[in-house]
Number of protein chains: 2
Amino acid sequence: MPDPGPADAIIALSAITRSVFARAAERHSLTPAHARMLCILAAGPRRMTELAALMDVEKAALTGLADRAERRGLLTRSASDTDRRAVLITLTQAGRAAASAFHHDVSGQLTALTDVLSDQERDAFCRGVARIRAGRRDDAAG
Amino acid sequence: MPDPGPADAIIALSAITRSVFARAAERHSLTPAHARMLCILAAGPRRMTELAALMDVEKAALTGLADRAERRGLLTRSASDTDRRAVLITLTQAGRAAASAFHHDVSGQLTALTDVLSDQERDAFCRGVARIRAGRRDDAAG
DNA sequence: TATTGTTATACTCTATAACTATA
DNA sequence: TATAGTTATAGAGTATAACAATA
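Sequence order sets the numbering: in each chain, residues are counted from 1 along the sequence as written. In the order they appear in the text, chains get letters beginning with A and ligands get numbers beginning with 1. A pLDDT threshold of at least 70 governs which residues receive local features in this predicted model, and a stricter bar of 80 or more applies before side-chain atom pairs are shown or counted, although totals over entire chains, interfaces and linings include all residues. Each side-chain value is derived from all of the structure's non-hydrogen atoms; neither hydrogens nor water enter the calculation.

**Points about the relation of the copies chain A and chain B**
Laying chain A over chain B is done by rotating through 180 degrees and shifting 0.0 Å along the axis; what remains is an RMSD of 0.0 Å. These values place the two chain copies in the arrangement generated by a two-fold rotation axis. Taken together, the interface assignments show that 100% of the residues at the interface of chain A recur at the interface of chain B, consistent with an identical surface on both copies. The copies are overlaid by a least-squares fit using only the C-alpha atoms of residues whose pLDDT is at least 70 in both copies. Note on contacts: a residue pair qualifies if any of its non-hydrogen atoms lie within 4.5 Å across the two residues.

Below, the structure written as structure tokens:
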């Protein structure tokens, strides 16, 4: 492998992130899947189907995931006002606290990784990722 | 969230990679865990303990993972010449072909993501990641 | 008819603890 | 004693298919 290339860079960065994420979840007594779910729900309540799509899992898989999180007191189910079939998933106070602590931990770890970069390099990195994300959204839309 | 920052950039990129990886694995009839294992083994045979460390799972978990991959004809176990306790995991021809096809697929998808960047930006991104990786290795060493 | 969520079922993935064979 | 790998066990995560309730 003479020239790593952008794909290998992304893969390597992802492996690091995966590891950071897994260890942080363990520190906060969360499974990686629950940690991911909490981070999404931190932005606000979601319906089951909506949350399943955001997590990229089947709705049937989400039922079990939500069951276990509910049993651990991280979230609650409630009825929707407008659609009697729908269920609204909302974080409990404990769930919000866990989401916040976990996110703070992970963010700190990941930000620390970029300490080796100059301010200029760090900005360039962030801009590059923003462009990639924007390009991907266009892809999905078009 | 007024200023995304480097942590959010890394998290976003990781989410994209996760999705690309999962869909590619599905296309190649591999589980994500098997795909990951094949990519590591593509570099050469490994002992169970060694492979478990590289995958960041317990050796007991690797036994089942290797069992299923062996059953699917992706790898073989063989005895080590120097240590009669050790087992050497080697890809079969089918395993090498699957690893190669999967890696090619994922690399293509990820490289395409960076098409929205200029050559200069892409180089800056790769250099940044290389620096982050180097910093992390120093961390682990020191 | 289509959609929302659950249940039923069957795997895969994972960790912990206990075990064996070897070093 | 320590290490390499397996087995036993238990639980989490996931998908597919079938279902009830509601739209």
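**Structural notes on helix 3 (residues 48–55) of chain A**
Residue and element names in this part refer to chain A. Residues Met48, Leu51, Ala52 and Met55 constitute the buried set of helix 3. The arc that holds every buried residue of helix 3, seen down its axis, measures 105 degrees, which confines them to one face. Away from its buried face by more than 90 degrees, helix 3 exposes Thr49 and Ala53. Helix numbering and strand numbering both begin at the N terminus, where a helix is a DSSP run of H or I of at least 4 residues and a strand a DSSP run of E of at least 2. On its buried face, helix 3 is in contact with helix 2 (32–41), strand 1 (46–47), helix 4 (59–71), strand 2 (75–79) and strand 3 (87–91). Among the residues trailing helix 3, Asp56 stands out with phi positive, at a value near 60 degrees. Any residue under 20% of the maximum accessible area for its type is buried, any over 50% is exposed, and the rest in between are partly exposed; the area is computed with a 1.4 Å probe on protein chains only. The arc in question is formed by the directions pointing from the helix axis toward the C-beta atoms.

**Considering the protein's contact with DNA strand C**
Around DNA strand C, the structure places 23 residues, and the nearest of them are Thr49(A), Lys59(A), Arg85(A), Thr31(B) and Arg68(B). Across the atoms of DNA strand C situated within 4 Å of the protein, the share located in sugar and phosphate is 67%. What qualifies as a polar contact is a pair of N or O atoms within 3.5 Å, subject to a donor-acceptor requirement within protein and to the restriction that residues adjacent in sequence count only when both atoms come from side chains. Between DNA strand C and the protein, one listed contact pairs a base nitrogen with a side-chain N or O atom of Lys59(A) at 2.7 Å. Residue Arg72(B) places a side-chain N or O atom 3.4 Å away from a phosphate oxygen belonging to DNA strand C. When contributions to the surface near DNA strand C are tallied by element, the ones reaching two or more residues are helix 3 and helix 4 of chain A together with helix 2 (32–41) and helix 4 (59–71) of chain B. The criterion for a residue being near a molecule or strand is simple. One of its heavy atoms has to lie within 4 Å of it.

**A look at the protein's contact with DNA strand D**
Around DNA strand D there are 23 residues in total, and Thr31(A), Arg68(A), Thr49(B), Lys59(B) and Arg85(B) lie nearest to it. Per the 4 Å cut-off to the protein, sugar and phosphate atoms form 67% of the nearby atoms of DNA strand D. Side-chain polar atom of Thr49(B) to a phosphate oxygen of DNA strand D: 2.5 Å apart, as the coordinates give it. Counting only elements with at least two residues in the surface near DNA strand D, the list comes to helix 2 and helix 4 of chain A together with helix 3 (48–55) and helix 4 of chain B. Here the element with the most residues in the surface near DNA strand D is helix 4 of chain A; it accounts for four residues. Of the residues contributing to the surface near DNA strand D, the split by class is nine nonpolar, four polar and ten charged. Classification used: nonpolar for Ala, Val, Leu, Ile, Met, Phe, Trp, Tyr, Cys and Pro, charged for Asp, Glu, Lys and Arg, polar for all others including Gly.

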